[in-house]
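Report on the structure
Below, each chain spelled out in residue letters.
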Amino acid sequence: MNKIRITKDMVRSLHETPYIKLFDLQYAPGKHYYNASRKGPQDLIALKSDEEFKAMKADAVTCIVLVQTPDTEPRLYLQYEYRYPTGQFLLSPPAGLMDPADADEADPLFSVTRREIFEETGLMLKDTDIFRVVNPLVFSTPGMSDESNAMTLAIIHVPDLSSLSQEGTVGTELMDGYELFTKEEALEVLKSGRDKFGNFYSIYTLICLIYYVTDLWKDK
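So, here's what we can say about the structure. (Residues numbered from 1 in each chain as written. Predicted model: local features only at pLDDT ≥ 70, side-chain atom pairs only at ≥ 80, totals over all residues. Heavy atoms only, no water.)

1. Some thoughts on the overall build of the chain
So the rule is basically this: Only DSSP runs of H or I reaching four residues or more are called helices, and only runs of E reaching two or more are called strands; each is numbered from the N terminus. In this setup the radius of gyration rests on C-alpha atoms only. A globule is expected at 2.2 Å times the number of residues raised to 0.38. The rule is simple: take the accessible area with a 1.4 Å probe, protein chains only, and divide by the maximum for that residue type; under 20% is buried, over 50% is exposed, in between is partly exposed. Here, residues are in contact when the closest pair of their heavy atoms is within 4.5 Å. Only the protein chains shown count as covering a residue, and every accessible area follows the Shrake-Rupley method with a 1.4 Å probe. We score Asp and Glu as negative and Lys and Arg as positive, and we do not count His or the chain ends. By convention, charge coordinates are those of NZ in Lys, CZ in Arg, CG in Asp, or CD in Glu.
For the chain, the helix and strand inventory stands at four helices and 10 strands. In sequence order, the chain lays out its α and β elements as β-β-β-α-β-β-β-β-α-β-β-β-α-α. Here the C-alpha radius of gyration of the chain, 19 Å, is about what a compact globule of 220 residues would show, namely 17 Å. Taking the principal axes of its C-alpha atoms as reference, the chain extends roughly 65 × 40 × 35 Å. In the chain, buried positions account for 40% of the 220 residues. Taking contacts inside the chain between residues at least 6 apart in sequence as the whole, the part at least 24 apart equals 57%. Approximately 12600 Å² of the chain is accessible, and the part contributed by carbon and sulfur atoms is 56%. Charged side chains of the chain number 23 positive and 34 negative; the gap between the two group centres comes to 6 Å.

Have a look at this one:
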């Protein structure tokens, strides 16, 4: 299989802001492919060697969160988060960007997972809870962006649900409640492709639902 090798001289910056940038990858004479990225031109994934590509780290972390109280089986936590491009509150898992300081942590994915879960749910992931990496890096929409997420699992044990809170959200994050799904309820949402309000949801929500209802979270 012949790969198209993108080099620095084939990359042209079209628009840059502190939050998102747009690049033209001129992969052949007269041929253009556009890439929206958080990265600067020197860090674009298209410029990485095969070895650098395989060793790269995710831009963000999406968390599959299961909450267990003494009287229940673990239930899947999903929240209604406002997504600006859709103009709707969509059923979503907790997630957040990998900060530069996370790279200095002994386990960066654990660091991001614990921080984002605490900010968005009020729950603290403890050393006695279960934490696993489900996938170290999943591309979001590689047809238009090099954005990526790691997928992690957190099974959090709490005495009751009194500590659940969305008051710790920051910046542009807007929340409007949450759901704690049993397996049967999650399966219904998975099959219908819609939440209880009749709205669609993201691919990451789909992954969380599938991981939960197939009992993959039980694997060690």
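2. Here's the deal with unusual backbone geometry
Residues other than glycine seldom take positive phi values, yet Asp215 does so here, at roughly 65 degrees. In this structure, Asp215 sits in the segment after helix 4 (203-213). We classify Asp215 as partly exposed; its relative accessible area is 22%.

3. Description of the environment of Pro136
With respect to the helices and strands, Pro136 occurs in strand 8 (residues 130-139). Assessed through its relative accessible area of 58%, Pro136 is described here as exposed. Spatially, the C-alpha atoms of Pro136 and Asn149 are 7.7 Å apart, while their sequence positions differ by 13 residues. Residue contacts for Pro136: discarding those within four places in its chain leaves Ala58 and Ala150.

4. Let's talk about helix 3 (residues 183-192)
Three or four residues apart is the spacing at which side chains of an α-helix point the same way, because the helix has 3.6 residues per turn. The cut-off we apply is this: Starting at the helix axis, one direction is taken to each C-beta atom, and the arc is that of these directions.
Considered for burial, the residues of helix 3 that qualify are Ala186, Val189 and Leu190. All buried residues of helix 3 lie within an arc of 100 degrees about the axis, which places them on one face of the element. Facing away from the buried side of helix 3 by more than 90 degrees, the exposed set consists of Glu184, Glu188 and Lys191. Of the surrounding secondary structure, the elements contacted by the buried residues of helix 3 are strand 6 (88-92), strand 10 (175-181) and helix 4. The positive-phi residue at the C-terminal boundary of helix 3 is Gly193, with phi of around 75 degrees.

5. Describing the pattern of salt bridges
The cut-off we apply is this: A pairing counts as a salt bridge when a side-chain nitrogen of Lys or Arg comes within 4 Å of a carboxyl oxygen of Asp or Glu.
Per the counting criterion, the structure on display carries 14 salt bridges. With a shortest N-O distance of 2.9 Å, Arg115 and Asp102 are connected by a salt bridge. Taken together, the positions of Arg115 in helix 2 (residues 108-121) and Asp102 in the loop between strand 7 (95-97) and helix 2 put the pair 13 residues apart, joining distant regions of the chain. Assessed through its relative accessible area of 3%, Asp102 is described here as buried. Taken together, the shared-partner salt bridges connect Asp99, Asp102, Arg115 and Glu116 into one network.

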